[in-house]
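Structural overview
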Amino acid sequence: MPKHPKRRVRRVALLALAVAALAGFFYWDNTALQITRFDPVFTDLPAGFDGCRIVVLSDLHGAEFGRDNEELFAAVAAEEPSYIFFLGDLEDKYRGPKDGYPAEIAQGLSAIAPTYYVTGNHEWAIGGVPALKETLEANGITVLSNQFVPLEQNGDTIVLAGIDDPNGYADQKTPEELAAEVYAAYGDPFWILLAHRNNRFVSQYSLLGADLVCSGHAHGGIIRLPFTDGLFSHDLDLFPSHTAGLYEENGACLFVTRGLGNSGPSFRVFNRPEVAVLTLHRAEA
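The structure presented is a predicted model; accordingly, all values stated were derived computationally and were not measured.

**Some remarks on the pattern of salt bridges**
- This model, assessed by the stated rule, comprises 7 salt bridges.
- Taking the shortest distance from any N to any O, the salt bridge between K133 and D164 comes out at 2.9 Å. Taken as a pair, K133 in helix α5 (residues 129-138) and D164 in the loop between β8 (156-162) and α6 (175-186) lie far apart in primary sequence, 31 residues in all.
- Exposure remark for K133: the relative accessible area of 14% places this residue in the buried category.
- R197 is paired through a salt bridge with D165; the nearest N and O atoms lie 2.8 Å apart. With R197 in strand β9 (residues 191-197) and D165 in the loop between β8 and α6, this residue pair connects regions lying 32 residues apart in the sequence. Both residues of the pair, R197 and D165, belong to the buried class.

**Quick notes on the sheet that holds strand β5 (residues 115-117)**
- The strand order β1-β13-β3-β4-β5-β6 describes an open sheet built from 6 strands, whose pairing is mixed. On the outer flanks of this sheet lie β1 (34-38) and β6 (142-143), each paired with one strand and no other.
- Inspection of the sheet shows strand β3 (residues 53-57) paired to strand β4 (residues 83-86) by 4 bridges, in the parallel sense. If you follow V56 over to β4, its bridge partner there is F85.

What counts and what doesn't
- Position numbers for residues count from 1 along each chain, tracking the sequence in the order it is written.
- Under the rules for a predicted model, residues below a pLDDT of 70 receive no local features and side-chain atom pairs below 80 are neither given nor counted, while totals for whole chains, interfaces and linings still include all residues.
- Hydrogen atoms and water are omitted, and side-chain values are computed over all heavy atoms in the structure.
- The rule for a salt bridge is simple: a side-chain nitrogen of Lys or Arg has to be within 4 Å of a carboxyl oxygen of Asp or Glu.
- Strands are runs of DSSP state E lasting at least 2 residues, helices are runs of H or I lasting at least 4, and numbering of each runs from the N terminus.
- Relative accessibility decides the category of a residue: with a 1.4 Å probe and only protein chains considered, values under 20% of the type maximum give buried, values over 50% give exposed, and everything between is partly exposed.
- Should DSSP find at least two bridges between two strands, the strands are regarded as paired.

This is the structure we're talking about:
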């Protein structure tokens, strides 16, 4: 009889230890940045962009990595990118905008490398998108609102295009119209499209002719399990596709980042916040 209380104490202690370990794992899994590197190869990449390094970020959802996001900025700077692409959902509609947050992010990233941004669905759900774009532009970020710009490196030029999220204005320029403008201006260039929604790649974005499409939105499938592309989509559909990494459809390459933050009360499992690094390679003749 005297041993029973001790056994119960041990069991309670072990249970408490297991709960603490699990809580620690979930905290680490949702706050510890992970650097992931990818090396897509293209036959028509101009030689001047061979080895070009790009940091791809998305779906921050108002998160903080270190005080004033100093850990995020340090991780990005350590990769010495030529460019930074930010693919939308800077803030979160469930938590609302935070005073000074967009300017803080814009200043921190644009101080590292030229940074280009497109909207996600959460910006439009929050509202005030024109003011947000002005803030980002005033603090060093180039906002691509159904627009394109040339990028020049080592004597060569590629084209970077970016579209607003479909949640934007009903009469906004379509991706097809933007692609037609790219071809009218540059002939048949190597071009990259920034588009927040990964789930439009197969049916629409892969058909535009872009050599590379960069997207976010999927949060890596939220819970990543072996032999899956994530357990849930953003709409909580089971076993989504095209949620993380490189894919190819219709002759176009897609890169999807798992993103950085969480929307509302959601969390990640085996799916740490990602700072993705793309190094472009020109295929050998």
